[in-house]
Amino acid sequence: MHPSSVAGGPDMILLEELHEGALFHQLQQRFQRDEVYTYTGNILVAMNPFKSLPIYDRGHVQQYRDQPLGSMPPHVFAIANEAYYNMMRSKANQCVIISGESGAGKTETTKLILSYLAAVSTQSSLVQEQILDASPILEAFGNAKTVRNDNSSRFGKFIEVQFTPEGAIVGAKILDFLLERSRVVAQSPEERNYHIFYNLLAGATPEERATWDLQPPSAFEYLNRSGCMTVEGTDDAKALKTIREAFATLRFTNTSAIFKCLAAILHLGNTVFVPDVQDGAAVADRAPLQRAARLLGLDGDKLLATLVQRSTVTRGETFVTPLSCAQAQDSRDALAKALYGKLFSWIVGFINETTKRDDSLPFVGVLDIFGFENFATNSFEQFCINYANERLQFFFNQHIFRLEQEEYDRENIAWHTIAFVDNQACIDLISKKPLGLLWLLDEEAGFPKASDATCLDKFHATHDKHAHYVRPKTKAPAFGVRHYAGEVTYQIQDFLDKNRDTLRTDLMEVMSESHEPFVAELFKMIDLSQLEELLASHPALKTALGGGTGGTSPSSGKSPTVGAQFHGSLSDLIATLAACDPFFVRCIKPNMQKAPGAIDRALVLTQLRCAGMLETIQVRKAGYAVRLPMVQLISRHAMLCASAGDPAITPAEACRRIMAQLPDALLGQWQIGLTKVFMKGQVDTALEVLRARKRHQYAAHIQSVVRGWIQRRRYAALLRQYTIAATAARVYVARRRRRRVLSGILRAQAAWRASRVRRVFRI
Ligand SMILES: Nc1ncnc2c1ncn2[C@@H]1O[C@H](COP(=O)(O)OP(=O)(O)OP(=O)(O)O)[C@@H](O)[C@H]1O
Ligand SMILES: [Mg+2]
């Protein structure tokens, strides 16, 4: 059956009606049949089933292996397979870009792709196991329970899996983005800190518990304030066992140093500051701070002194300023966040060292990155995340349009440029130098007297008239941006601090002098020459930072701000993606309750809008939505025209003869290319209708022939039976007559004999 004639078919491109309702209806019908994957051309839409489906076993891997995209029902394995075989054929890098909101299934999809690649790899090896085992480690340190997802990734990642020319996995490289560090010191109600803290406290051995002074989560301020310390269905002690095993597979040697840092962070969080006599800060109970200092290899007094006062060096002279209680608490939190952030980067770096092989080998990359976010309160993190999504959306649009254009050009098809919604203006508002919001924010970071309010004034003054900028009607401390996926209001509070996010130099110095080699290494100060080296290896970061952006210029000696770093790594990422053949997976979360089977129309529609699905289909529809290779058209529709089967004609001529059967009203709605026939949706439907009609005619003819044959056979049988019956009857009649004649003769003979006897005896 033709895919378009199936209700809830596997490809949305073939939808007759083009509106959000029709998209939803199609997805809903499929979802209810547990068909969670649907294509839009070669973009895969993946609905989260929230239940385990029996479609990811070895049997399914085998079914999808080596099958061209579209020849089998939609599946994430089909995308992984296409990426793998494309890479094998062309030796060019491939990437799968997975997007969707929190809880939509990006990380699960990433893991399914990695496991497919491992399964089809032509040789199994230790590195393959190491790549798969990196996931539980990254999830323990980078995922947390949030209200949206019990295992929410709080960082973005791009994993490149490298292959030999023979198709065996030999290595991998992970790029990580924007770990949410604020979670280390505070969590919203019903959310948790990173899984690893709870795993450690539940699974540590009695010796570890004693040496690191571990207590249950309720005893630690960084864990007990949100009111949530467990996750339903998760065994934290068992999780630690898995982590230890994964550490072993990846040959981690510093595991106890890592765990010690985690314990130190928890003890640091229990350090409470109280006002001292000179308006400064002191600690009420020295024990937690002492424990933290011991685990970090620091002198307790020195650490305390650095937390309660700031020392600055001006013209060779050191000045010491006492800090208030709130400021000391901020220093403590800044140290905990920096320590965790550095620990996370170190772990990613270590995994890379173990698994990385050869950057010149082709790879299949998988991008698992946060989707567009619009919450009740949006801050600097959402601003960065949504900026990333604008850039990825731009890349997506360009790719879809470029693909269309390339295919039309390749096939020699005349077409008009399709207008599409370009989000370049919004990207410029955020990141174009020198006045983009990111750069204005950076400029403010360079002024010691600047505040969030002065920064907001600058935003308003510069971009008041910008089509994508929204200045609130009231005096609210916020600004809005009209993103491609909707308008988002950002609260300016803490923008400046979150963007700077630098640990005070004196605190850095204390940490770098730690007696624990691991801690000292984490805080090793980067000097200017190293910074230059770093920038030289990241051209996009250098572009991001160069040229008078206040405090972030390398020549000023200050470290780049979070925004500038993020902009730099995003530009690097986009450059990498642009050099790959991309595939897209759009993950959709069907309901907020994480319930299997339930589907919320409004929620799904919002996500389809954010993923730009309607526009994608519109692009295809504005051109030719359906394109069939000539051979396929001939094999399916040759029955429409007897002369199309003439072996003496070219395939193009055969196609022309078939298409000539269509009504004239459809002229201009289709074109014949070099290897394919391009048509609008209604042309495809008309062909299908003609085909169905022709089949009906044939069927009627065949039926009448068959009926005639049956009647003739029945008549012949009847005739045969009649002849048999008539013969039998004739035989019967003749026999009866013979019997009657015979009995007459017998009677006559008997009568004659009787009369003779009577005459003899004269009776
Ligand atoms: N294909 C699937 N089959 C079964 N369950 C799934 C599937 N995909 C996702 N899930 C379920 O949904 C949950 C959330 O998925 P996942 O963690 O991949 O979301 P995410 O998009 O990565 O979210 P975040 O942005 O918060 O990291 C999983 O823990 C799992 O329970
Ligand atoms: Mg995730």
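Residues numbered from 1 in each chain as written. Chains lettered and ligands numbered in written order. Predicted model: local features only at pLDDT ≥ 70, side-chain atom pairs only at ≥ 80, totals over all residues. Heavy atoms only, no water.

Quick word on the UniProt feature "binding site: ATP" (unreviewed entry) in the protein chain
(1) Moving on: As recorded in UniProt, the sites labelled "binding site: ATP" (unreviewed entry) are Gly100, Glu101, Ser102, Gly103, Ala104, Gly105, Lys106 and Thr107.
(2) Moving on: Excluding residues that lie within four positions of it along the chain, serine 102 makes contacts with Thr146, Arg148, Asn149, Ser152 and Lys589.
(3) Moving on: For lysine 106, the side chain forms a polar contact with the main-chain oxygen of glutamate 101, separated by 3.0 Å. (UniProt positions renumbered as here; feature names shortened; annotations may be inferred. Contact = heavy atoms within 4.5 Å. Polar contact = N/O pair within 3.5 Å; in protein donor to acceptor, adjacent residues only side chain to side chain.)

Brief notes about the site of ligand 1
(1) Moving on: Around ligand 1, the surrounding shell holds 17 residues, and the nearest of these are Ser102, Gly103, Lys106, Ser152 and Ser153.
(2) Moving on: Between an oxygen atom of ligand 1 and a side-chain N or O atom of asparagine 48, the distance comes to 2.8 Å.
(3) Moving on: Protein burial of ligand 1: of its 630 Å² of free accessible surface, 83% is covered by the chains.
(4) Moving on: When contributions to the shell around ligand 1 are tallied by element, the ones reaching two or more residues are helix H4 (106–120) and strand E5 (152–153).
(5) Moving on: The dominant element in the shell around ligand 1, judged by the number of residues it contributes, is H4, at three residues. (Near = heavy atom within 4 Å. Areas by Shrake-Rupley, 256 points an atom, 1.4 Å probe, with all protein chains shown as cover. Helix = DSSP H or I, 4+ residues; strand = E, 2+ residues; numbered from the N terminus.)

Observations regarding the sheet that holds strand E18 (residues 670–672)
Sheet strands line up and pair through hydrogen bonds in the backbone, either parallel or antiparallel.
(1) Moving on: Across the sheet, which stays open at both edges, the three strands sit in the order E17-E19-E18 with antiparallel pairing between neighbours. The outermost strands of the open sheet, each flanked by one partner alone, are strand E17 (626–629) and E18. Averaged over all pairs of adjacent strands, the angle between their axes in this sheet comes to 15 degrees, without regard to strand direction.
(2) Moving on: Both E17 and strand E19 (residues 676–679) contribute to a ladder of four bridges, which runs antiparallel. In the sheet register, valine 626 faces E19, and the bridge partner there is methionine 679.
(3) Moving on: Packed on one face of the sheet, helix H26 (residues 630–637) meets E17, E18 and E19 and runs near 90 degrees to E17. (Pairing = 2+ DSSP bridges. Axes fitted to C-alpha atoms, helices over the stretch in contact; angles between N-to-C directions.)

Description of empty space enclosed by the protein
(1) Moving on: Taken as a whole, this structure holds two cavities of 30 Å³ or more when the rule is applied.
(2) Moving on: Looking at the lining of the largest cavity, the elements that each hand over two or more residues are helix H5 (126–142), strand E7 (169–177) and helix H13 (325–355).
(3) Moving on: Looking at the lining of the largest cavity residue by residue, the class counts come to eight nonpolar, two polar and no charged. (1 Å grid on protein atoms, 1.4 Å probe; cavity = no way out; pocket = protein on both sides within 12 Å on 5 of 7 lines; lining within 4 Å. Points joined across faces, edges and corners; volume = space filled by probe spheres on them. Nonpolar A, V, L, I, M, F, W, Y, C, P; charged D, E, K, R; others polar.)

Focus on the pattern of salt bridges
(1) Moving on: Under the definition given, this model contains 36 salt bridges.
(2) Moving on: For aspartate 150, the salt bridge goes to lysine 594, with nearest N and O atoms at 3.2 Å. Taken together, the residues aspartate 150 in the loop between strand E4 (143–144) and E5 and lysine 594 in the loop between strand E16 (581–588) and helix H24 (601–610) connect sequence positions 444 residues apart.
(3) Moving on: Arginine 286 is paired through a salt bridge with aspartate 301; the nearest N and O atoms lie 2.2 Å apart. Of this pair, arginine 286 sits in helix H11 (residues 286–296) while aspartate 301 sits in helix H12 (residues 300–308), and the two are 15 residues apart along the sequence.
(4) Moving on: Accessibility expressed as a relative area gives 36% for arginine 286, which makes it partly exposed.
(5) Moving on: Salt bridges here are not isolated pairs; linked through shared partners, they connect Arg154, Glu180, Arg183 and Glu191. (Salt bridge = Lys/Arg side-chain N within 4 Å of Asp/Glu carboxyl O. Buried < 20%, exposed > 50% of the residue type's maximum accessible area, 1.4 Å probe, protein only.)

Re the nonpolar core
(1) Moving on: Counting residues in each nonpolar core, the largest one holds 187 residues, and the members touching the most others are Phe141, Ile196, Phe252, Tyr340, Phe479 and Phe523.
(2) Moving on: A per-element tally of this core places H13 first, with 14 residues.
(3) Moving on: In contact with phenylalanine 523, not counting residues within four places along its chain, are Leu335, Ala338, Leu339, Lys342, Leu503, Met508, Met511 and Ser512.
(4) Moving on: Ala625, Ile658, Leu662 and Val677 belong to the second-largest nonpolar core, a separate cluster that totals 25 residues. (Core = buried A, V, L, I, M, F, W, Y, C linked by side-chain atoms within 4.5 Å.)

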